[in-house]
Amino acid sequence: MSNSASLSSIEPSLELSVKLVAEAHLPTEVGDFRILGIRSKVDNQEFVVLVKGELKTNEPTLVRIHSQCLTGDVFHSIKCDCGRQLQAAMKKVATAGLGVIIYHPQEGRGIGIINKIRAYALQDQGADTVEANLRLGFDVDERQYDQCSDIIKLLGITHVKLMSNNPDKLSALQQAGITAERVPLEIELTTTSPALDYLKTKKEKMGHLLSEV
Ligand SMILES: [Zn+2]
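Structural notes, computed from the coordinates.

Thresholds, definitions, all that
- Residues numbered from 1 in each chain as written.
- Predicted model: local features only at pLDDT ≥ 70, side-chain atom pairs only at ≥ 80, totals over all residues.
- Heavy atoms only, no water.
- Salt bridge = Lys/Arg side-chain N within 4 Å of Asp/Glu carboxyl O.
- Helix = DSSP H or I, 4+ residues; strand = E, 2+ residues; numbered from the N terminus.
- Buried < 20%, exposed > 50% of the residue type's maximum accessible area, 1.4 Å probe, protein only.
- Donors = N, O, S within 2.8 Å, 3.2 Å for Na, K, Ca; no water.
- Pairing = 2+ DSSP bridges.
- Axes fitted to C-alpha atoms, helices over the stretch in contact; angles between N-to-C directions.
- Contact = heavy atoms within 4.5 Å.

Here we look at the pattern of salt bridges
Okay, step 1: Scanning all chains against the criterion turns up six salt bridges.
Okay, step 2: For Glu 23, the salt bridge identified is with Arg 34, shortest N-O distance 3.1 Å. With Glu 23 in strand β1 (residues 18–28) and Arg 34 in strand β2 (residues 31–40), this residue pair connects regions lying eleven residues apart in the sequence.
Okay, step 3: Taking relative accessible area as the criterion, Glu 23 reaches 21% and is therefore assigned partly exposed.
Okay, step 4: What makes Arg 34 buried here is its relative accessible area of 9%.
Okay, step 5: Here Lys 205 makes a salt bridge to Glu 131, at a shortest N to O gap of 3.4 Å. Pair noted here: Lys 205 is in helix α8 (residues 195–206) and Glu 131 is in helix α5 (residues 129–135), with a separation of 74 residues, a long-range link.
Okay, step 6: Classification of Lys 205 by relative accessible area gives partly exposed; the value is 44%.
Okay, step 7: By sharing partners, the salt bridges in this structure join Asp 128, Glu 131 and Lys 205 into a single network.

Following this line, the structure appears as structure tokens:
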């Protein structure tokens with residue numbers, strides 16, 4: 001499949017929890033992509049996926065599973081590194097000429113935007129990102145990756161180079177039977193960056209693999 005070719009010829013397996021429902025060309029600041037609209041068959045989630053190049057089975061392929069972060073991705077908040085991770089991942093894929101960005105609609109590690117703002121309010125009073133989610137009655141991380149694994153299978157990719165610092169994402173793909181290795185995706189931060197404490201908490205309390213903090 002090239003960027004101009006259609007993905008409509010994909011034969012969706014009945015066993016997969018997702019289906020392709022729309023696709024188009026998407027030119028961006030970092031290059032041209034295909035944009036796919038994928039719907040869950042088991043709940044009401046909708047996924048947007050960017051694809052670059054001709055995807056092939058067994059070809060090691062850069063993949064980013066990017067968890068939605070409205071504040072970082074859209075408003076360019078510097079409280080976290082999400083927006084810059086998304087941009088960096090898109091650039092890596094564009095440079096490689098091959099890869100996939102899965103936009104995972106689980107805002108605020110799965111608690112939703114309103115609860116994320118509530119968590120930010122607790123952080124304004126001194127809680128860290130983990131304490132805030134726990135105080136609101138949620139798990140530290142409510143995200144599920146089953147449907148992301150199924151999207152990768154739907155696209156016919158069997159060997160993933162996962163751009164992530166999160167070992168949970170890597171093991172979720174491996175448990176789904178996908179060959180996956182990790183490609184670090186670290187954003188340079190200044191010592192005064194507001195995201196520094198957030199990333200330190202992710203490293204110390206959630207096991208994220210970060211060398212820069
Ligand atoms: Zn974020």
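Following the structure, the description resumes.
Considerations on the environment of Lys 56
Okay, step 1: Topologically, Lys 56 is positioned in the loop between β3 (46–52) and β4 (61–67).
Okay, step 2: Note: C-alpha distance between Lys 56 and Gln 87 (31 residues apart in sequence) is 24 Å.

So, the coordination of the zinc ion
Okay, step 1: Within the protein, Cys 69 (SG), Cys 80 (SG) and Cys 82 (SG) serve as the donor atoms for the zinc ion, at 2.1 to 2.3 Å.
Okay, step 2: Taken in sequence order, the residues that donate to the zinc ion follow the motif C-x10-C-x1-C. Taken together, the residues Cys 69 in the loop between β4 and α1 (70–74) and Cys 80 in the loop between α1 and α2 (82–96) connect sequence positions eleven residues apart. Grouping residues by exposure puts Cys 69 and Cys 80 together as buried.

Brief notes about the sheet that holds strand β6 (residues 159–163)
Okay, step 1: The mixed open sheet is built from seven strands, whose spatial order is β1-β2-β3-β5-β4-β6-β7. Both outer strands of the open sheet, β1 and β7 (179–183), are each paired with one neighbouring strand and no more. Sheet twist, expressed as the average angle between the axes of neighbouring strands with direction ignored, equals 25°.
Okay, step 2: As paired elements, β3 and strand β5 (residues 99–104) share five bridges and run antiparallel to each other. Of the residues in β5, the one forming a bridge with Lys 52 is Gly 99.
Okay, step 3: Running at roughly 165° to β7, helix α7 (residues 167–175) makes contact with β4, β6 and β7 of the sheet.

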